[in-house]
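Given next are the chains, with one letter for each unit.
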Amino acid sequence: METIAEIKKVLQNTDISCLAERIKEFEADERTGVKQEIKKAKKRIEEYEKEWKRTEALKKYENMYPDCQYICGIDEVGRGPLAGPVVAGAVILPKDCHILYINDSKQLSEKKREELYDVIMREAVATGIGYASVERIDEINILQATYEAMRDAIKKLGVVPDILLNDAVTIPQVPIRQVPIIKGDAKSISIGAASIIAKVTRDRLMVEYDKVFPEYGFASNKGYGAASHIEMIKKIGPCPIHRKTFIKNFYTEE
């Protein structure tokens, strides 16, 4: 007879698609420890099924356009920070996409975002990342710079989308049909995927900037207006990646 530890290992290492069948093998075992492991395994199946249903619901908007081969989700990250570029993501997922746990990137842990980034980049039909620099943000304002980053992301896709699902906005100077969706990163699997790759890309970039400008804590605050970040700007002044138009209320160059 297998030990409880061995049964635990078997259930933990069994793929979710086969788990129900493996549970049946041990259900006649009356040992309390085995019953506990079976309970955990069944809970794992319940959570998986719940997440599957949530993910399928995220395809609501994508399913509205069955005649469109390439449905592209678009989102941006970095409109609010005091430093660093604004980054846009564009993602076209396959029609039969079953990537679980996609959500608004702000609702996910850093670890989960990193995991999903790799999955999305591997399984997507096409992805594009667009940027608008600090200089461009100061020159034309953050909204227009965001539009530029989104147009840049679309150009980098490698294929031309049939339709764009955008998080809240309509992008000027783009001839492709657009559907703006309020809070789309939490309602559309394509927009959610775009928000994840944009967030991971920008966060990684800010970590690299932290090595060049360590005084501001970019690795932790990612350029946002944390109290310690603002205090350091007041103390030693801004660095080249600070947005001058964003810090003018509390810092003026002499």
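Here we look at helix α7 (residues 142-155)
Turning to step 1, where the next piece is worked out: With 14 residues, α7 extends 20 Å between its outermost C-alpha atoms, agreeing within 8% with the 20 Å of an ideal straight helix rising 1.5 Å per residue.
Turning to step 2, where the next piece is worked out: What α7 keeps buried is the set Ile-142, Ala-145, Thr-146, Tyr-147, Ala-149, Met-150, Arg-151, Ala-153 and Ile-154.

Digging into the environment of Ala-5
Turning to step 1, where the next piece is worked out: Residue position: Ala-5 is located in helix α1 (residues 4-13).
Turning to step 2, where the next piece is worked out: The exposure class assigned to Ala-5 is exposed, which follows from its relative accessible area of 55%.
Turning to step 3, where the next piece is worked out: With 168 residues separating them along the chain, Ala-5 and Gln-173 place their C-alpha atoms 61 Å apart.

Quick notes on the nonpolar core
Turning to step 1, where the next piece is worked out: Ranked by size, the top nonpolar core spans 22 residues in total, and within it Cys-72, Ile-74, Val-86, Ile-154, Leu-157, Leu-164 and Ile-171 carry the most contacts.
Turning to step 2, where the next piece is worked out: Contributing elements (two or more residues each) for this core: β1 (71-77), β2 (86-92), β3 (126-132) and α7.
Turning to step 3, where the next piece is worked out: Setting aside residues no more than four positions away along its own chain, Leu-157 makes contact with Cys-72, Ala-90, Val-91, Ile-92, Ala-126, Thr-127 and Gly-128.
Turning to step 4, where the next piece is worked out: By size, the runner-up hydrophobic cluster in this structure holds 21 residues, among which are Leu-58, Leu-116, Tyr-117 and Ala-198.

Considering the environment of Lys-35
Turning to step 1, where the next piece is worked out: Position of Lys-35 among the secondary structure elements: in helix α3 (residues 32-57).
Turning to step 2, where the next piece is worked out: Overall, the relative accessible area of 39% leaves Lys-35 in the partly exposed class.
Turning to step 3, where the next piece is worked out: On a C-alpha basis, the gap between Lys-35 and Ile-4 in space is 9.5 Å, while along the polypeptide they are 31 residues apart.
Turning to step 4, where the next piece is worked out: Not counting the four nearest positions on each side in its chain, Lys-35 is found in contact with Asp-29 and Glu-30.

The rules behind the values
The written sequence of each chain sets the order in which its residues are numbered from 1. Only residues with pLDDT of 70 or above have their local features reported here, since the model is predicted, and side-chain atom pairs are shown and tallied only from 80 upward, although totals for entire chains, interfaces and linings are computed over all residues. By convention in this description, side-chain values take in all heavy atoms of the structure and omit both hydrogens and water. By the criteria applied, helices consist of DSSP H or I runs no shorter than four residues and strands consist of E runs no shorter than two, each listed in order from the N terminus. Each residue after the first adds 1.5 Å to the expected span of a helix. Each residue's exposure class comes from its accessible area (1.4 Å probe, protein chains only) as a fraction of the maximum for that residue type: buried when under 20%, exposed when over 50%, partly exposed otherwise. By nonpolar core is meant a set of buried Ala, Val, Leu, Ile, Met, Phe, Trp, Tyr and Cys residues that side-chain atoms within 4.5 Å join together. Contact between two residues is taken to exist if any of their heavy atoms lie within 4.5 Å; hydrogens are not considered.

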